[in-house]
Amino acid sequence: MPVGLFRVCLLVITAIVNHPLFFPKENGTVPENTEEIIQKMKEREESLRLELLRLEQEIADQEATQKALEKAAVVVEESKEEKVRWDMWTALSMVIFLLIELWRQDFQEGNWQDIGGEEDDMGILGKAFRGVAFPNKAVLASFYEKRILGTTGDMARMREMVEGFADDLLEALRSVCNRDADMEVEDCMGVGSMYENWRVRKPFVCDLIVPFAPPEPYCFRCQTWCSGDSFAPDEQGYGTIKVCRADEDATGCICDKTKLGEDMLCLLHSQVSSSRPSSEMEDLLCFKNTQYLDANQVMKWFQIAVTKAWNRISHKYEFDLSFSLLDSPGALKIKFKSGKSIAFNLTPVVQYENSDVYFISHFPRSSLAADIPSSTHWFLTFAVYERRFIQLVSKTLPANACHVSCLQILSFLHGKQCSLTGPSGLTNYHLKTVLLHLLQACPSQDWAPEKLEVRLQDMLKFLEKCLHEKKLYHFFIGNGKVPAELGFPVIFQRAEPLNLFRPFVLRRDIYRKMVDTFHEMLRNMSALINEYTVHIPLAHTNGIRKE
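This is a predicted model, so every value here is computed, not measured.

The rules behind these values
- Residues numbered from 1 in each chain as written.
- Predicted model: local features only at pLDDT ≥ 70, side-chain atom pairs only at ≥ 80, totals over all residues.
- Heavy atoms only, no water.
- Helix = DSSP H or I, 4+ residues; strand = E, 2+ residues; numbered from the N terminus.
- Expected span 1.5 Å × (residues − 1).
- Buried < 20%, exposed > 50% of the residue type's maximum accessible area, 1.4 Å probe, protein only.
- Core = buried A, V, L, I, M, F, W, Y, C linked by side-chain atoms within 4.5 Å.
- UniProt positions renumbered as here; feature names shortened; annotations may be inferred.
- Axes fitted to C-alpha atoms, helices over the stretch in contact; angles between N-to-C directions.
- Parallel < 35°, antiparallel > 145°, perpendicular 65-115°, else oblique.
- Left-handed = near helix turned anticlockwise from the far one by under 90°.
- Contact = heavy atoms within 4.5 Å.
- Nonpolar A, V, L, I, M, F, W, Y, C, P; charged D, E, K, R; others polar.
- Salt bridge = Lys/Arg side-chain N within 4 Å of Asp/Glu carboxyl O.
- Pairing = 2+ DSSP bridges.

Looking now at helix 5 (residues 155–176). Taking 1.5 Å of rise per residue, 22 residues should cover 32 Å, and helix 5 covers 32 Å from first to last C-alpha, within 8% of that figure. Taken together, the buried positions of helix 5 are occupied by Met155, Met158, Arg159, Val162, Phe165, Ala166, Asp168, Leu169, Leu170, Ala172, Leu173 and Arg174.

Written out as structure tokens, the structure is:
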């Protein structure tokens, strides 16, 4: 009973305590707050889940980026290795190219000329000499004494006579010219084979050059292919001559290069001085509507002036004077009443600055300037320096040296062969260029008179090599070994070497003719020499030599 009562009492007390009236009003929202908390917890859970997904995505992206970076690093590393290998090959190729270029420059500047005294190098050449009968020393000595010396004894007398008459003719030319309007003619100079003592074939012709200058206040401004001006590759060796006023800037005023407005005036040049009438420039022998000296105009002027000069002094002489070649301005011929005649060339030239290099209008009897680009392009001649070089070297050679004899014999053989088979592109100037190269390359003692046979063979082998390679370089242009005593202009020493055989590279017919003429000359050499040689006992001859 007490237990039951106790349970009833406990139940009543519990009911009273848990009755809603015992709690304040605010406690009535507990269930609502719980649901809100649960809702917030769900929202938080959802946001955390989204954040987790985002983080997982970022981690995946970072891993992908890392893999891409690693892959790119591998590619870069491989490309670096490839680039290093490529750079190595590029550097190696550049080194090889530079070595080849240096070798080419040395070859062109004259190192290729150092062949004197090296029999092994010469033995590589001379294929055309195999089986050729080459005259020995005794035959060559007899031939030279009979044929060469016997016909060149009167050259000095002829030079003296021609120079005296030329001086008188030029003095008369100055007197008939208008000093205020015509060109001023200077004294003539002798050049070429007659003044270098190696001409052997008749008729003997003296070559004289006559420098001339424009009247005041004009002057010549010379431009060459190696002075930085624009010249085509086929214009190497040429230059132009511009006629300017002495007070005009060499580069020209900007008013000549730009169009000034009608209301603008150049402060350096007035309208009168800046505009030159066309007739005025033509009176100065310029090409039409230009300031450049025209070789054809110079030719006409010089022929007219020489004719006037001869008419003034003809009464003093008992011979006639005429032009022997229509295409050469100064190819003159003296005709005596006895029927004999003397030919000489009086060629107008223009001096290059203060040197002895000259612009020449025409080359008489020569194919050096056969294809002149235009009449305003003038070829440069170094004949004065060539003569001085031979004179300078001759002082260091043994007595009675054989260098001139070699050139004379070779010139004679070539001339004889051309008379048999017709002219070829090979000229005496090419032969002289070969001699100039060998004079610089060979020691002085190698030109002793007893070595005539060997040196003549060297010249022929050198010429054969040049014909085979189609390369014979001008002796002075691009040659850094020219003796300083000559005072040769540095601008031409530093220029690109000029190949005298360049015109024949594309003209195969002329080149073939030149090579055939050379080979025919070798085959006929013994016959040509023996024709002019006194009989020599067989015991003293040993004519067959094989190289």
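The next thing to look at is the environment of Asp167. Among the structural elements, Asp167 can be located in helix 5. Asp167 sits in the partly exposed class, given a relative accessible area of 39%. Taking C-alpha positions, Asp167 is 10.0 Å from Met189, a pair spaced 22 residues apart along the chain.

Moving on, we come to the nonpolar core. One recurring pattern in soluble globular proteins is that nonpolar side chains are buried together. Leu169, Leu293, Phe344, Leu346 and Trp447 are the most contacted members of the largest nonpolar core, which has 117 residues in total. If you look at the next biggest cluster of nonpolar residues, it comprises 10 residues, including Val191, Ile209, Ile360 and Phe363.

Another aspect to go through is the UniProt feature "coiled-coil region" (unreviewed entry) in the chain. Following the UniProt record, the feature "coiled-coil region" (unreviewed entry) maps to residues 38–72 here. Taken as a whole, residues 38–72 contains 100% helix and 0% strand, while its terminal C-alpha atoms sit 50 Å from one another.

Before going further, it helps to spend a moment on the packing of helix 12 (residues 428–441) against helix 13 (residues 452–469). Where helix 12 meets helix 13, the closest approach of the two axes is 10 Å, and the angle between their N-to-C directions is 110°. In terms of their interaxial angle, helix 12 and helix 13 are classed as roughly perpendicular. Crossing of helix 12 against helix 13: the hand is right-handed. Here Leu431, Val434, Leu435, His437 and Leu438 of helix 12 lie close against helix 13, whose contacting residues are Asp458, Met459, Phe462 and Leu463. A breakdown of the residues in the contact of helix 12 with helix 13 according to their chemical character gives 7 nonpolar, 1 polar and 1 charged.

Before going further, it helps to examine the pattern of salt bridges. Considering all chains together, one arrives at 14 salt bridges under this definition. Its salt-bridge partner being Lys316, residue Asp168 comes within 3.0 Å of it at the nearest N-O pair. With Asp168 in helix 5 and Lys316 in the loop between helix 9 (295–313) and strand 6 (319–323), the pair connects residues that are 148 residues apart, well separated along the chain. Put simply, Asp458 and Arg455 hold a salt bridge, and the shortest N to O gap is 2.6 Å. Placement of both Asp458 and Arg455 in helix 13 is noted, with a separation of 3 residues, approximately one turn of the helix. Note on accessibility: Asp458 and Arg455 belong to one class, buried. Sharing partners across several salt bridges, the network here consists of Glu51, Arg54 and Glu58.

Here the focus is the pairing of strand 8 (residues 341–351). Of all 11 residues making up strand 8, 8 are buried, and the element is well covered by its neighbours. In the sheet, strand 3 (residues 205–213) pairs with strand 8 via 7 bridges, with the strands oriented parallel. When the sheet's bridge partners are listed, Ile209 is paired in strand 8 with Thr347. Examined bridge by bridge, strand 7 (residues 331–336) and strand 8 share 5 bridges and lie antiparallel to one another. Bridging from a neighbouring strand, Lys333 pairs with Ala343 of strand 8. Note that strand 8 and strand 9 (residues 358–360) share 3 bridges and pair antiparallel. If you follow Val350 over to strand 9, its bridge partner there is Phe359.

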